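For reference, the chains in residue letters:
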Amino acid sequence: VSTQSTWEMVTNACGTQALINVLLNCAEVDIGPQLKGFLEFTAEMDPESRGLTIENFDSIRDTHNSFARHQNFSFEEKVATEDDDVYHFVGYVPKDGVIYELDGLQNGPIEVGTYTDDWIPAAHAAIQTRMASYQDELRFTLLALCRDPTADLRAQVAELTASGGAADFPEQQLRQVEARRAKWRAENARRRHNYIPLVVELLRFAAEKGALAAAATHAAEKTRAERDARAARKAERKAGA
């Protein structure tokens, strides 16, 4: 079976793209009927056509948009410059003894290493090499797609309870996982909430009190200071390289 990859044809969707690229190459994972249908429908397509098809798959588009911020204003898209913070997601998967890097901005899968039994050390080396190539960047995030821990923890609790053993530890772990997920749901709800009416009312109230101009000046000065500090840090890293 060939390695599946898709080009990033949808703006600001590289995170979703990376997840899909990884999931489509995990034969041992039940990806569900929606992604199975997408995989079967696009099996003979090239990466570019597969990337275009993502936008027209309702389930993928709706899931992606469910994490988008609410926005009532339209902004013109601008090309990022070297002073802008640009983030990108890529995926790494093992397949038939070869480790592939799946990047939606590349023409296809890139072979970055080989493995015999455990693919993690070789992938680790490939990721470190890629990180080292960004000499002026220190901000990286490494995410792993893994098995849902709640199923295993519930099974452990049930087994220990049935045998009369102490299930305190797995129960505590289960509560921690569920609490963390509840926090994520709340954060996502707040992130997607439409705060524009509140902001408009606050601005109107500040204007009535004569505080809006001073607040705008303070915000502009703070933004300028942060931009200058960021530029200074970048210059220092370049000077030390």
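Everything below is about the structure shown above.
Residues numbered from 1 in each chain as written. Predicted model: local features only at pLDDT ≥ 70, side-chain atom pairs only at ≥ 80, totals over all residues. Heavy atoms only, no water.

Some words on the nonpolar core
Counting eight residues, the largest nonpolar core consists of Ile-20, Leu-24, Ile-31, Leu-35, Phe-38, Ile-54, Phe-57 and Ile-60. Contact partners of Ile-20, with chain neighbours within four places excluded, come to Phe-38, Ile-54 and Ile-60. Counting residues in hydrophobic clusters, the runner-up holds six residues, among them Val-93, Val-98, Tyr-100 and Leu-102. (Core = buried A, V, L, I, M, F, W, Y, C linked by side-chain atoms within 4.5 Å. Buried < 20%, exposed > 50% of the residue type's maximum accessible area, 1.4 Å probe, protein only. Contact = heavy atoms within 4.5 Å.)

Points about helix α3 (residues 47–54)
Every buried residue of α3 is listed here: Pro-47, Arg-50, Gly-51, Thr-53 and Ile-54. End-on view of α3: buried residues confined to an arc of 160°, all on one side of the axis. Summarising the contacts, the buried residues of α3 are in contact with α1 (14–23), α2 (32–42) and α4 (58–65). If you check the start of α3, you find a side-chain oxygen 2.9 Å away from the backbone N of Ser-49, and it comes from Asp-46. (Helix = DSSP H or I, 4+ residues; strand = E, 2+ residues; numbered from the N terminus. Arc of directions from axis to C-beta. Polar contact = N/O pair within 3.5 Å; in protein donor to acceptor, adjacent residues only side chain to side chain.)

Some details on the sheet that holds strand β1 (residues 91–95)
The sheet built from three strands is open, its strands ordered β1-β2-β3 with antiparallel pairing. The strands lining the two open edges of the sheet, one partner per strand, are β1 and β3 (110–114). Neighbour to neighbour, the strand axes of the sheet diverge by 30° on average, direction disregarded. Of the strand pairs in this sheet, β1 and strand β2 (residues 98–102) are connected by five bridges, and their pairing is antiparallel. From the neighbouring strand, Tyr-92 faces β2, where its bridge partner is Glu-101. Here α1 sits on the sheet and contacts β1 and β2; the angle it forms with β1, its principal contact strand, is near 5°. Packed onto the sheet, helix α5 (residues 120–132) meets β1, β2 and β3 and runs at close to 35° relative to β2. (Pairing = 2+ DSSP bridges. Axes fitted to C-alpha atoms, helices over the stretch in contact; angles between N-to-C directions.)

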